[in-house]
Amino acid sequence: MMSPLKLFKAFMLTMLLVVILPAGQVEPGLAETRERPNIVFILTDDLDTGSVSVMPKLESLLIEQGTTFNNAFVTDPLCCPSRATFLRGQYSHNTKIAGNSPPEGGHEKFQRLGLDRSTVATWLDDAGYDTVYLGKYMNGYDDTRYVPPGWDRWFGWLGNYYGSGREYRLNENGHINSYDLDRIHDTDLLRDKAVHYVKNQKGDGRPFFMYLAPNAPHTPAYVAKRHEGMFSGRSLPRPPSFNEEDISDKPEVVKRPELSHGEVEELGDLYRKRLAALQSVDGMVNDVVSALRDTGQLDSTYIVFTSDNGFLFGEHRRVEKSLPYEESIRVPFIVRGPGVSTQKIDHLVINNDFAPTVAELAGVAPPGFVDGKSFVPLLGREKPRLGEWRTGFLVEHVTPTYQAIRTNKYTYVEWSGGATELYDLEADPYQLESRHETATLVATTLSARLEALRGCEAAQCRAAERD
Ligand SMILES: [Ca+2]
Ligand SMILES: [Ca+2]
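Thresholds applied
- Residues numbered from 1 in each chain as written.
- Chains lettered and ligands numbered in written order.
- Predicted model: local features only at pLDDT ≥ 70, side-chain atom pairs only at ≥ 80, totals over all residues.
- Heavy atoms only, no water.
- Helix = DSSP H or I, 4+ residues; strand = E, 2+ residues; numbered from the N terminus.
- Contact = heavy atoms within 4.5 Å.
- Pairing = 2+ DSSP bridges.
- Axes fitted to C-alpha atoms, helices over the stretch in contact; angles between N-to-C directions.
- Donors = N, O, S within 2.8 Å, 3.2 Å for Na, K, Ca; no water.
- Tetrahedral: all angles 85-135°; square planar, octahedral: opposite > 155°, others 65-115°.
- Buried < 20%, exposed > 50% of the residue type's maximum accessible area, 1.4 Å probe, protein only.

Caption draft 1: Main features of the environment of Met 138. Inspection of the secondary structure assignment puts Met 138 in the loop between strand E3 (130-135) and strand E4 (153-158). In sequence terms Met 138 and Thr 44 are 94 residues apart; their C-alpha atoms lie 13 Å from each other. Those residues in contact with Met 138 that sit more than four places away from it in its chain are Cys 80, Arg 83, Ala 84, Leu 87, Gly 106, His 107 and Phe 110.

The structure is reproduced here in structure tokens:
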């Protein structure tokens with residue numbers, strides 16, 4: 001149903017067309033064009049699904065007002081490959097961005113291969129959107145005045161987190177500006193710029209697409225002064241897979257000694273810092289939503305919140321991402337906006353789906369190279385059943401090298417060198433006991449499905465993702 005405001009806008013537009021255009025010249029698509037929504041995309045860095053519980057504004061303003069995907073994943077769980085996928089809707093074997101730095105990946109390769117000439121930004125820009133980038137871009141984006149195509153307003157973080165002291169730099173529409181962390185926390189700076197845009201530019205009369213990518217809660221998880229010491233009493237979660245006791249089922253490449261007492265202490269400190277760093281992100285969510293509401297734009301704006309990958313906090317003795325385990329590939333994924341139901345659903349969505357979804361919301365046809373599929377059909381009350389949607393997808397990585405298939409029930413991994421893993425996620429959600437040696441029939445079936453996904457392109461991928 002149309003909101004009263006929308007009805008009013010549609011009515012006024014019709015009246016205007018009747019007045020200014022002679023009969024027969026009213027373009028049928030025009031009213032639709034006028035109503036194109038704004039899209040705000042918030043992409044955090046390394047945020048695991050568990051830590052979302054310390055973000056009350058995310059809970060009240062997005063989760064309680066929109067759709068939460070319980071089963072959202074990234075298909076190559078590392079910053080740069082994942083970000084390339086968000087921008088282009090392709091698996092990393094098709095973007096060829098398989099790592100954070102050359103030769104596997106990085107900003108320079110993304111630019112050199114011409115990948116930045118067709119992204120969700122250029123598609124929307126070509127369709128008349130005002131496009132705004134704020135925050136972290138491809139790894140290796142440093143010391144450059146380069147502004148990637150498709151972005152009308154560009155505020156790109158330069159360099160690798162806080163490698164050199166307390167100063168950080170942004171490429172702001174081709175000019176390099178420095179900031180002092182002690183004067184302004186980087187998430188707060190991005191928040192201020194986002195709020196300023198929402199309140200003042202508002203797309204300059206056009207719908208806007210904002211890509212808002214804070215560094216938080218990535219290591220070193222810099223905490224704003226006002227949040228220092230928060231969560232000091234919080235202990236590190238210890239699921240059954242924490243410091244996994246028996247790793248005889250795991251391949252050699254994954255095995256490592258148990259985390260020492262000191263390593264666990266250190267990990268706890270990092271965990272608490274990350275929770276505190278997330279408070280700035282929560283504040284940013286609050287202030288951006290408030291700015292949209294105060295300016296009458298909230299009802300015509302979609303907001304998508306997610307992360308580029310998850311994080312292993314000692315599960316299977318590992319502290320990192322990149323591995324094909326649940327904590328690494330699973331990400332928070334929340335959408336609010338016009339027509340979006342308040343619901344938590346189990347359908348499998350992946351970062352490949354983001355770009356084609358945004359294209360559909362903006363009324364743009366995505367290019368033929370896209371592997372993902374729009375999840376717009378899942379946002380309303382009427383939706384395909386679980387079995388009618390994607391039932392599996394590819395997870396791939398280069399260092400270390402593996403390909404895996406994650407289905408509604410299983411994870412099956414093939415490692416370079418020949419090792420395999422198979423987890424029944426219903427019986428063993430913590431992935432404690434790989435059944436590759438006992439459930440050989442299941443492994444054979446999944447191996448065949450994985451084969452179809454391994455080098456897939458576009459419609460082939462979407463077909464292979466179904467049973
Ligand atoms: Ca990341
Ligand atoms: Ca085990």
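And the narrative resumes.
Caption draft 2: View of the sheet that holds strand E14 (residues 402-407). Strand order in the open sheet made by the 4 strands is E13-E14-E15-E16, with antiparallel pairing throughout. Of all strands in the sheet, those bounded by a partner on one side alone are strand E13 (392-397) and strand E16 (420-424). Pairs of neighbouring strands in the sheet enclose a mean axial angle of 15°, with direction left out of account. Pairing of E13 with E14 involves 6 bridges; the strand directions are antiparallel. Paired with His 397 across the strands is Tyr 402, a residue of E14.

Caption draft 3: Examining the coordination of the calcium ion (ligand 1) more closely. For the calcium ion (ligand 1), every protein donor is listed as Asp 45 (OD), Asp 46 (OD), Cys 79 (SG), Asp 308 (OD), Asp 308 (OD) and Asn 309 (OD1), and the spread of their distances is 2.2 to 2.6 Å. One can describe the site at the calcium ion (ligand 1) as irregular: its 6 donor atoms subtend angles covering 52 to 157° at the metal. Binding-site remark: the calcium ion (ligand 1) is held by donors from one chain whose sequence spacing is D-D-x32-C-x228-D-N. With Asp 45 in the loop between strand E1 (38-44) and helix H3 (56-62) and Asn 309 in the loop between strand E8 (301-307) and strand E9 (312-313), the pair connects residues that are 264 residues apart, well separated along the chain. On the basis of relative accessibility, which here comes to 0%, the residue Asp 45 falls in the buried class.

Caption draft 4: Up close: the sheet that holds strand E11 (residues 333-336). The strand order E6-E5-E4-E3-E7-E1-E8-E11-E2-E12 describes an open sheet built from 10 strands, whose pairing is mixed. The strands lining the two open edges of the sheet, one partner per strand, are strand E6 (175-180) and strand E12 (343-350). Pairwise comparison of adjacent strand axes, ignoring direction, gives a mean angle of 20° for this sheet. One ladder, built from 6 bridges, connects strand E2 (residues 67-73) with E12; its direction is parallel.

Caption draft 5: Region of interest: the pairing of E11. Here E11 shows a buried face lined by Phe 333 and Val 335 and a second buried face lined by Ile 334 and Arg 336. In terms of strand pairing, E2 meets E11 through 2 bridges, oriented antiparallel. Counted as the bridge partner of Thr 68 is Ile 334 from E11. Both E8 and E11 contribute to a ladder of 4 bridges, which runs antiparallel. From the neighbouring strand, Ile 303 faces E11, where its bridge partner is Arg 336.

Caption draft 6: Representation of the coordination of the calcium ion (ligand 2) in the model. Coordination of the calcium ion (ligand 2) by the protein comes from Glu 244 (OE), Asp 246 (O), Asp 249 (OD) and Leu 432 (O), over a distance range of 2.1 to 2.5 Å. All donors of the calcium ion (ligand 2) belong to a single chain; written as a sequence motif, their spacing is E-x1-D-x2-D-x182-L. Placement of the pair is Asp 246 in the loop between strand E7 (208-213) and helix H9 (261-294) and Leu 432 in the loop between E16 and helix H12 (440-454), with a sequence separation of 186 residues. Classification of Leu 432 as partly exposed rests on a relative accessible area of 29%.

Any link to function would need more than the numbers given here.
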